[in-house]
Number of protein chains: 2
Amino acid sequence: MTADTRQMPKPVSKGPVARPGPRRVTISDVADALGLAKGTVSRALNGYPDIAEATRLRVTRAAERMGYRPLAQAQAIRTGRARALGLVLNAGRSDAHKPFLTDFLDGISRAASEESWTLTVATAMDEADEVATLGRLVDERKVDGFILPRTKLHDPRIDLLRERAVPFILYGRTADPTGCAWFDIAGEEAMAAAIDRLHAAGHWRIGFINGGTEYTYARLRRDGFLAAMARHGLPTPPELIVEDVLTIPQGEAAGLRLLDLPEPPTAILCALDLAALGLYRAAARAGRRVGHDLAVISYDGIPEAATAEPPLTTYAVDTRAAGENLARMLLARIRGADPETLRVLVPAVLIARGSDRAPDAIPDPAGPARQLA
Amino acid sequence: MTADTRQMPKPVSKGPVARPGPRRVTISDVADALGLAKGTVSRALNGYPDIAEATRLRVTRAAERMGYRPLAQAQAIRTGRARALGLVLNAGRSDAHKPFLTDFLDGISRAASEESWTLTVATAMDEADEVATLGRLVDERKVDGFILPRTKLHDPRIDLLRERAVPFILYGRTADPTGCAWFDIAGEEAMAAAIDRLHAAGHWRIGFINGGTEYTYARLRRDGFLAAMARHGLPTPPELIVEDVLTIPQGEAAGLRLLDLPEPPTAILCALDLAALGLYRAAARAGRRVGHDLAVISYDGIPEAATAEPPLTTYAVDTRAAGENLARMLLARIRGADPETLRVLVPAVLIARGSDRAPDAIPDPAGPARQLA
DNA sequence: GTTTCGCCCGAAACCGGTTTCGGCAAGGGG
DNA sequence: CCCCTTGCCGAAACCGGTTTCGGGCGAAAC
């Protein structure tokens, strides 16, 4: 039967296909079972007002009983809605957010699945790749909106999505927030509060180890640090500030630089816990003892901070909650909410542990050591 | 105009919708521009053999020029293929794989996007939730197959997917691998090699700190440990084995238990780097010095192992490569490959650093300390 | 010079939903 | 009693692709 070669022309280079056995129950099945038109069933299920309450009840019950689940992409094709949130991770640099990732994903995916949405994640090598990946997901309409973590002051991702009119929400702030929804933790306030705390303990020579300056958060945290120092009339010479410190080894190097100063600081504020963990090592090498003659306060609240020696005093961010908030806000944005109304700033919470004590280094005998309540 | 209330009945409780402005270019646009039928364009693009080579070229070029990107879910509805891989993370317990997550996701998503597939991730609280989430994703046809990390000896996820005839691949092995594709690292061989190494250095009293015994990997690593010990004729009394150690604090507790023994081990093998890091603390508290009078070998290759003091000798797994392999194998499985042929076992690679030296504890003067080449 | 293939492509059905449009029947007002 | 609403639902178009079916046409075979 040579006719077979004409029938069913199969694509080349594609193997046999594993077909799922039992056919799923479609909306037509439900309609037939009820003697209704499938359009009616669809409208009943989607809450259109032109369906009688009794009918709606009949339909929802039958759908439930028959185990009907609408096919996501069949709806998507007409509604233009994939019911998926997008997240593009930069796997290139910045190990900084690795520890949070599980919590972050969990927060997002939990909030998303509450509404039967899902989370699509992709990774990119560098910034250009990141933008390209966003474009691809948009082109294929795989996702309805994006969460953009680690925002920069000038962020090409924002430019792309703004131009394409795709909904998005920032985790962090940016230079020009026009038309942007965002959620962020008030790192600047945490830095300022940390300085208040150190100043109240009598410190006046305080170092600062900051994160990646290309990111907005680093700018904000430095501002918070500088503002609080100025408010207390404390000097902030450039040699006391190290920036672009993202990892433990970098933190160690930065710490050594500060501690080897002719007049080393008695307290050091770190914008990242990882930097602080590196600083611990630097202190050990420099013969200083954190919690005794060197006070350290940090920011992030990674689990390792609790089991460090001494336990690290840090301003913790609830990454899971952040993920949940971001997902919920993005959903609102996708559903048409005005981005300008979707802006939330949440404080970091202080977890006071032992590292910010430094009784052996009460620095300035001239300055009065104020008592704490 | 009361007629408006009859026109366009909008669903209740759904706000205004942000519509994308410029309409995308569809397959019909391409067909019209070329004067072809859209079916022809589709077949040309998908490599059907009944399209002339010249036509195929014309079509692909035009599609490229016009910026045509097929709409993922429009294809999915007919082909039954969402072009998405699924991954359900258990956010409940087991902090163990947190450090790898970024690399893992990166590996998967990289291999997936090579073929224009995407990765959908969801999280679950516990095992039941995990199975429910898998079911939901399958019901909505959001994904075409799953990667199942952290497999157990008896794994309900496998039962579900097997029953539903959904393609999947295990990261790890399981008791009954019938019809399962899997990829795994040969942890048992690594454990055995570690024992060989310690034995060659003269150790004969060796402790073992294992991971979570509900997982297959722990069973395998214990088997590897026991087999190698037996092969060398070394005793393995129960008090030298601690199991279900997943975190740094648990590792510290386990270490203390071993080091406080009347006759403590001179070397300890850990199934997880995190356990070893905890053991470091236990050693410090017990007055033992890792790399001097206590040898430690571990497994995983987390970054912290390199910067620990002393640097940790460990058998490293390339998590990114694992993700890539898993994704590629799952794609093959989805495309119909026989699961029994999709089974890959890869060795862990030894990263020899300082922690497995213990010159001050050469244990048995009676036994000949063999020389290493 | 027919007949027979076989290569290519057009036309149309189909996938599983959503949305529009129109009409029937009941109810209300004049 | 008739007409005009109004509520409610059926029928069909539509979304953007994929796949089937069949036919036109040129070349090889007879």
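So, a few notes on the structure that sits alongside this text.

The rules behind the values
Residues numbered from 1 in each chain as written. Chains lettered and ligands numbered in written order. Predicted model: local features only at pLDDT ≥ 70, side-chain atom pairs only at ≥ 80, totals over all residues. Heavy atoms only, no water. Salt bridge = Lys/Arg side-chain N within 4 Å of Asp/Glu carboxyl O. Helix = DSSP H or I, 4+ residues; strand = E, 2+ residues; numbered from the N terminus. Buried < 20%, exposed > 50% of the residue type's maximum accessible area, 1.4 Å probe, protein only. Axes fitted to C-alpha atoms, helices over the stretch in contact; angles between N-to-C directions. Parallel < 35°, antiparallel > 145°, perpendicular 65-115°, else oblique. Left-handed = near helix turned anticlockwise from the far one by under 90°. Contact = heavy atoms within 4.5 Å. Nonpolar A, V, L, I, M, F, W, Y, C, P; charged D, E, K, R; others polar. Expected span 1.5 Å × (residues − 1). Least-squares fit on C-alpha atoms with pLDDT ≥ 70 in both. Near = heavy atom within 4 Å. Polar contact = N/O pair within 3.5 Å; in protein donor to acceptor, adjacent residues only side chain to side chain. Buried area = accessible area lost by both parts, 1.4 Å probe. Pairing = 2+ DSSP bridges.

Glancing now at the pattern of salt bridges. All names here are of chain A. As enumerated under the stated definition, the model contains 49 salt bridges over all chains in all. Close ionic contact of aspartate 106 with arginine 320 constitutes a salt bridge, the shortest N to O distance being 2.1 Å. Separated by 214 residues along the polypeptide, aspartate 106 in helix H5 (residues 101–114) and arginine 320 in helix H13 (residues 319–334) bring together distant segments of the chain. Given the relative accessible area of 23%, arginine 320 is considered partly exposed.

On to the packing of helix H10 (residues 248–259) of chain B against helix H11 (residues 273–286) of chain B. Residues and elements named next belong to chain B. Closest axis-to-axis distance for the H10/H11 pair is 6 Å, and the angle between their directions is 50°. On the basis of the axis angle, H10 is oblique to H11. Seen along the crossing, H10 lies across H11 with a hand that is right-handed. Taking contact as the criterion, the partners of Ile248, Gly251, Glu252, Gly255, Leu256 and Leu259 in H10 are, on H11, Leu274, Ala275, Leu277, Gly278, Leu279, Arg281, Ala282, Ala283, Arg285 and Ala286. When the residues that make up the contact of H10 with H11 are grouped by side-chain class, the tally is 10 nonpolar, three polar and three charged.

This part takes up helix H6 (residues 127–139) of chain B. In this model H6 of chain B runs 18 Å from its N-terminal to its C-terminal C-alpha over 13 residues, within 8% of the 18 Å that 1.5 Å per residue would give. Those residues of H6 of chain B hidden inside the fold are in contact with H5 and strand S2 (118–124) of chain A together with strand S1 (84–90), strand S2 (118–124), strand S3 (145–149) and helix H7 (156–164) of chain B. Positive phi shows up at arginine 141 of chain B, right after H6 of chain B, with a value of about 55°.

Take the relation of the copies chain B and chain A next. Each copy superposes on the other: chain B lies on chain A with an RMSD of 0.2 Å after a rotation of 180° and an axial shift of 0.1 Å. Classification of the inter-copy transformation places it as that of a two-fold axis. A symmetric contact is evident, with 100% of the interface residues of chain B recurring at the interface of chain A.

Next up on the list: the protein's contact with DNA strand D. The immediate surroundings of DNA strand D are formed by 30 residues, with Thr40 and Thr55 of chain A together with Ile27, Ser42 and Tyr48 of chain B found nearest. Between DNA strand D and threonine 55 of chain A, the relevant distance is 2.3 Å, taken from a phosphate oxygen to a side-chain nitrogen or oxygen of the residue. Looking at which element gives the most residues to the surface near DNA strand D, the answer is helix H4 (residues 72–79) of chain B, with five residues. Residue composition of the surface near DNA strand D, by class: 13 nonpolar, nine polar and eight charged.

Next up on the list: the environment of threonine 60 of chain A. As for its position among the elements, threonine 60 of chain A is in helix H3 (residues 53–66). Within polar-contact distance, the side chain of threonine 60 of chain A engages the backbone oxygen of leucine 57 of chain A at 3.0 Å.

Next up on the list: the interface of chain B and chain A. Counting from both sides, the interface comprises 64 residues of chain B and, opposite them, 64 residues of chain A. In total, about 5700 Å² of surface goes out of reach between chain B and chain A, with carbon and sulfur atoms giving 52% of it. Of all residues in chain B, the largest losses of buried area upon contact with chain A belong to Gln73, Thr102 and Glu140 of chain B, amounting jointly to 11% of the total for that side. Counting the contacts that link chain B with chain A gives six salt bridges. Between the two partners, chain B and chain A, sit 22 residue pairs in polar contact (both at pLDDT 80 or more).

Our focus in this paragraph is the sheet that holds strand S6 (residues 206–209) of chain A. Residue and element names in this part refer to chain A. The mixed open sheet is built from six strands, whose spatial order is S7-S6-S8-S9-S10-S12. Only two strands of the sheet have a single partner each, and these edge strands are strand S7 (241–242) and strand S12 (349–351). In terms of strand pairing, S6 meets S7 through two bridges, oriented parallel. Looking across to S7, one finds that isoleucine 209 is bridged to valine 242. Most of the contacts of helix H11 (residues 273–286) go to strand S9 (residues 295–300), to which it runs at about 150°, and overall it touches S6, strand S8 (267–270), S9 and strand S10 (313–316).

Not every one of the 30 residues close to DNA strand C is listed here, only the nearest: Ile27, Ser42 and Tyr48 of chain A together with Thr40 and Thr55 of chain B. Among the atoms of DNA strand C lying within 4 Å of the protein, the sugar-phosphate backbone contributes 58%. Separating a phosphate oxygen of DNA strand C from a backbone N or O atom of glycine 35 of chain B is a distance of 3.5 Å. At 3.2 Å, a side-chain N or O of aspartate 50 of chain B approaches a base nitrogen of DNA strand C. For the surface near DNA strand C, the element with the highest residue contribution is helix H4 (residues 72–79) of chain A, accounting for five residues.

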